[in-house]
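# Descriptive structure summary
Listed here are the chains, written in short residue letters.
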Amino acid sequence: MHAFLNKEDTTIATQPVRPNNRGRVEKEMPNRINDAIRGVDEVRLVGDNVEQGIYSFREAMRIADDLNLDLVEISPNAVPPVCRVIDYQKFLYQKKRKEKEQKQNSKKIEVKEIRFGPQTDDHDYNFKLRHAQEFLKDGNKVKAYVFFRGRSIVFKEQGELLLARFANDLEEFGKPEALPKLEGKRMILMLAPKKG
């Protein structure tokens, strides 16, 4: 004996999705909006087309409803919390666009290394100098160092003079962050690009 089920009897387990008071389905959201703002008696209201000030939560919701916009909590930790009357999708779009622009503007600065020996000849020096100029023009830092092998540490003064000359020759592209300093068998000089 088989029982036939009609469509009304079948249920499918799904995640609860509730429409907001505008009929749109709410997904995972970074801000609380509309009825999701709970435990708040009054809010500081901001936004276009509204008189800014402190309102009861109900009054703020009524204002948002009258304008057919959302009440978006933008500063939940403020006292009272700050809410903006805006179309939430537009708010998210503007926020993403702003973050994207900030990401593009903050170029990652790399540190490029240039190694010298204490008795580097002029040809080698000029070759490395050109590379350093390109690195600094591209907005990268340059870590120039003289490596002392074995007893060549006795040429410490030569290393100092070499790095001083290097910094001087790169004066129009970058500036030293500090004086050359000896770390173990290396004398290091950091150069930062000049702001364009």
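The coordinates are above.
Quick summary incoming for the structure in this document. As the structure is a prediction and not an experimental result, all values here were calculated from the model.

The rules behind these values
Residues numbered from 1 in each chain as written. Predicted model: local features only at pLDDT ≥ 70, side-chain atom pairs only at ≥ 80, totals over all residues. Heavy atoms only, no water. Pairing = 2+ DSSP bridges. Helix = DSSP H or I, 4+ residues; strand = E, 2+ residues; numbered from the N terminus. Core = buried A, V, L, I, M, F, W, Y, C linked by side-chain atoms within 4.5 Å. Buried < 20%, exposed > 50% of the residue type's maximum accessible area, 1.4 Å probe, protein only. Contact = heavy atoms within 4.5 Å. Axes fitted to C-alpha atoms, helices over the stretch in contact; angles between N-to-C directions.

### A closer look at the pairing of strand β5 (residues 111–116)
- Here β5 pairs with strand β6 (residues 141–147) via six bridges, running parallel. Paired with Val-111 across the strands is Lys-141, a residue of β6.

### What about the nonpolar core?
- Core analysis: the largest hydrophobic core is formed by 20 residues, its most contacted members being Ile-114, Phe-116, Val-142, Phe-166, Leu-170 and Leu-191.
- If you list the elements that add at least two residues to this core, you get β5, α3 (122–137), β6, α4 (156–169) and β9 (186–193).
- Per element, the largest residue contribution to this core is five residues, and it comes from α3.
- Once residues within four sequence positions are removed from consideration, Ile-114 is found in contact with Lys-128, His-131, Ala-132, Phe-135, Val-142, Lys-143, Ala-144, Tyr-145 and Phe-166.
- If you look at the next biggest cluster of nonpolar residues, it comprises 14 residues, including Ile-37, Ala-60, Leu-71 and Cys-83.

### What about the sheet that holds strand β4 (residues 82–86)?
- Spatially, four strands are ordered β2-β1-β4-β3 in an open sheet, and the strand pairing comes out mixed. Only two strands of the sheet have a single neighbouring strand rather than two, namely β2 (53–56) and β3 (70–75). Going from strand to strand, the sheet's axes swing by 45 degrees on average, the running direction of each strand aside.
- Two elements, strand β1 (residues 42–46) and β4, share three bridges in a ladder whose sense is parallel. By the bridge assignment, Val-46 is partnered in β4 with Arg-84.
- Lying over the sheet, helix α1 (residues 57–66) contacts β1, β2, β3 and β4, oriented at roughly 100 degrees with respect to β2.

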